[in-house]
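A closer look at the structure
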Amino acid sequence: MVHVLLILFTITLLYLSIASRLLTYLKILAFQGVLLFGLAFIELREVSTLNLVFILLETIIFKALAVPIFINYIIRRNHITRESEPFLPNFVSLIVVTGIILTAIMMSHSVQDELLEKSTFIVALSTVFTGMYIIATRKKVITHVMGYMVLENGVFILSLAVGNEMPMLLNLGIMLDIFASVFILGIFVNKIGDVLKGVDVDQLKNLKD
Amino acid sequence: MSMTGIYLSIAIALGGALFLNRNQAIRRLLVVCFTLLQVGFTVYSFLHPGASGEAFFRADALGLLMLGVLTIISIPAVIHSEIYLSNPRETNRTRAIYCAALILLITAMGAACLSSHIAVTWIFVELTTLSASALIYHHRNERSLEGTWKYVFLCAISVTFIFIGILFLSLALRQTGTTDLSYEQLMLHASALDPSWLKLAFLFIFTGFTAKMGLVPMYTAGIDAKDKAPAPAGALFSSVLMNMGFVGIFRIYEVTAQTSILPWANTVMVISAILSIFVATVYMMRVTNFKRMLGYSSIEHMGLVILGLTAGGVGYYAAILHLVLHSFVKSSLFFQFNQVYQTYQSKSLPDTGFYFRYNLAGALVVLTGYFFATAIPPSGLFVSEWMIFRALFEGHHLLLLLVVMILLTTIIWAFGRSIFAMLFAAPPQEFDASRVVRIHPLHSLSQYLLLALSVVLGLFPPDSLVALIQEAVQSLPL
């Protein structure tokens, strides 16, 4: 069951690389939130019920519902156009993300650790780097935010690997996720939307040497 | 309750009160209270080094040293903030937010340097991002928003990287049977850590902290932050905030130094350091914004510090001395910046000129600051830089030494060209000398004191400073 969820998660990454509309990104983010809940529910057998409820809140309520709805609200409020406007063609993105996944698989072979579940590690690393790739190659600032959310999802999967032994780290990761997301989205909705109307990275090019 | 806990709760309470308060007299009173608290806490920590009974904090040698530097610089920072906030353009609300953010920043930096657990360090690093972003956004215009957004976003990524590193570190720790991520336990179990996980952990934690310390690859946001934040805050960003980033890197380096992957880690750090110095050189030659120029100069010095650390031997001592002295020199130059801005109403270097004519005391600070920042004797930085070069020479890194020397010479030339043009060349035709406001020479006093301190500590270091630095680096291999 874990493997099915992990494979589904990897497919969402590939789909993300060729998605061209912002709404599709949001749907993928919401779906990833649900998958993360499934993963956490299966993998974390040794955590307390209270902790599990906390994780449920984080994945289902925060990742799958609150963040996508909020970003959708920002897109509508600021009249951001629907295309994601990548710098590179979608085909190239697909190749790059496939390359990222392959690299993660090769990296996992170099690690000699029998305690580690390699598939979790592979998916976590590919998610982190796909998030970075989306941040680097999309034109709109709001897509950068979504890339950051993908990166955070990768961190969440990685923290599941140690979640049973160190629940403290898992909770810290969730705190980071909520804190950083609220902070970033807060600046976005309050400030950027008011000061900069179009919200392209092109408008954030004044500070340079 | 432990002493650090009391300090943190009072400081945060003061910050909250400052944020809510709109009365100017009360605001000044609260800021003075905080300064006294900061000094008192520092003195207490120096009197009780390594005090027990603290859960997540320990005043070890490096933490004490950085706390001392932080407190020394935060006093002029508070004074210059007061001068800065006396501008009638500021409202009571902006003053309140500024002061609250400043106090939170100073507290978070101190706590991050003293923390004895990697997750606690990480939390306070995140807090510095929060408070720094409020300071960068102080002017509330489009440019400062851009700077804030870039800083927040890059720091969010860097903090995520540090967290990934911590996760890998906990994976490396699995075989040792402990789940305690305090630095003490990490040092204790260092030799039993899994090398391949530790490599990944080091890579991610190092990359994450480069955003705070100002090294390639994540140095960019720091430059924008120093440029857009008010200069007294910029002085903190370019000195003690960078020191905090160094502390984060140093703690994980200490652990790595006990294992077999040390040569690999050194290679990673040397690449980052040399690229930082190179980037600083390239930008120093073409930058026209005074604050950004100072920011790039800081990046050069951080590169040197990391080079000293990797060279080993006398380089360890030199690296930390260099860090301390650089903090004093660079913060005094930043404190001076507002006077330059008041004179020319611009931070662009081509708009300036004949500065000696308008502000003698300030011009002397800029001139001395330039000589000290480029490590020309009698600068204290000359001593530490010379020791770093000696460490590189003794470690047979001759090619590296040659490249660094060429780059540093270029920086001395580029930095000097801009500074001398500002001091001695004619200002542009449009400049109206009759509108220049007289600045009281006393406003430059703290800068002279900081510069003098850097000379004294560099040329005649007191025994206690030498002992502290040696204690801080004692765990590193010879």
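Look above for the structure.
Below is a summary of the structure that appears in this document.

Helix and strand content of chain B: 20 helices and 0 strands. The globule rule puts the C-alpha radius of gyration for 478 residues at 23 Å, and the 22 Å found for chain B is close to it. With the C-alpha coordinates aligned to their principal axes, the bounding extent of chain B is approximately 70 × 55 × 45 Å. Long-range contacts, defined as pairs at least 24 residues apart, comprise 78% of the intrachain contacts of chain B with a sequence gap of at least 6.

The end-to-end C-alpha separation of helix H3 (residues 49–77) of chain A is 39 Å, in line with the 42 Å expected for 29 residues at 1.5 Å each. Of the residues making up H3 of chain A, those classed as buried are Ile55, Glu58, Thr59, Lys63, Ala64, Val67, Pro68 and Ile71 of chain A.

This paragraph deals with the environment of Leu181 of chain B. Residues and elements named next belong to chain B. Tracing the backbone through its elements, the reader meets Leu181 in the loop between helix H6 (142–172) and helix H7 (183–188). Separated by 167 residues in sequence, Leu181 and Ser348 have C-alpha atoms that sit 47 Å apart. Residue contacts for Leu181: discarding those within four places in its chain leaves His117, Ile118, Ala119, Ile166, Leu169, Ser170 and Leu186.

Counting 230 residues, the largest nonpolar core has Ile103, Leu105, Met109, Ile162, Phe168, Ala201 and Ile388 of chain B as the members making the most contacts within it. Counting residues per element, this core draws most heavily on H6 of chain B, at 19 residues.

Glancing now at the environment of Pro89 of chain A. All names here are of chain A. Checked against the element boundaries, Pro89 lands in the loop between H3 and helix H4 (90–110). Pro89 sits in the exposed class, given 10 other C-beta atoms within 10 Å. The sequence separation of Pro89 and Ser17 amounts to 72 residues, and the corresponding C-alpha distance is 9.8 Å.

In this section: the packing of helix H12 (residues 262–286) of chain B against helix H13 (residues 290–311) of chain B. Residue and element names in this part refer to chain B. The N-to-C vectors of H12 and H13 enclose an angle of 155°; their axes lie 8 Å apart at closest approach. With respect to H13, the element H12 is oriented roughly antiparallel. Crossing handedness for the pair H12 and H13: left-handed. Residue-level contacts link Asn266, Met269, Val270, Ser272, Ala273, Ile274, Ser276, Ile277, Val279, Ala280, Tyr283 and Met284 of H12 to Met293, Tyr296, Ser297, Ile299, Glu300, Met302, Gly303, Ile306, Leu307 and Thr310 of H13. Its residues assigned to classes, the contact of H12 with H13 shows 15 nonpolar, 6 polar and 1 charged.

Now for the interface of chain B and chain A. Residue-level contacts link 32 residues of chain B with 33 residues of chain A. Ranked by residues supplied to the side of chain B that touches chain A, first place goes to H6 of chain B with 20 residues. Of the residues that constitute the side of chain B that touches chain A, the class distribution is 16 nonpolar, 6 polar and 10 charged.

Conventions and cut-offs
Residues numbered from 1 in each chain as written. Chains lettered and ligands numbered in written order. Predicted model: local features only at pLDDT ≥ 70, side-chain atom pairs only at ≥ 80, totals over all residues. Helix = DSSP H or I, 4+ residues; strand = E, 2+ residues; numbered from the N terminus. Rg over C-alpha atoms; globule rule 2.2 N^0.38 Å. Contact = placed C-beta atoms within 7 Å. Expected span 1.5 Å × (residues − 1). Buried ≥ 20, exposed ≤ 12 C-beta atoms within 10 Å, placed from the backbone. Core = buried A, V, L, I, M, F, W, Y, C linked by C-beta atoms within 7 Å. Axes fitted to C-alpha atoms, helices over the stretch in contact; angles between N-to-C directions. Parallel < 35°, antiparallel > 145°, perpendicular 65-115°, else oblique. Left-handed = near helix turned anticlockwise from the far one by under 90°. Nonpolar A, V, L, I, M, F, W, Y, C, P; charged D, E, K, R; others polar.

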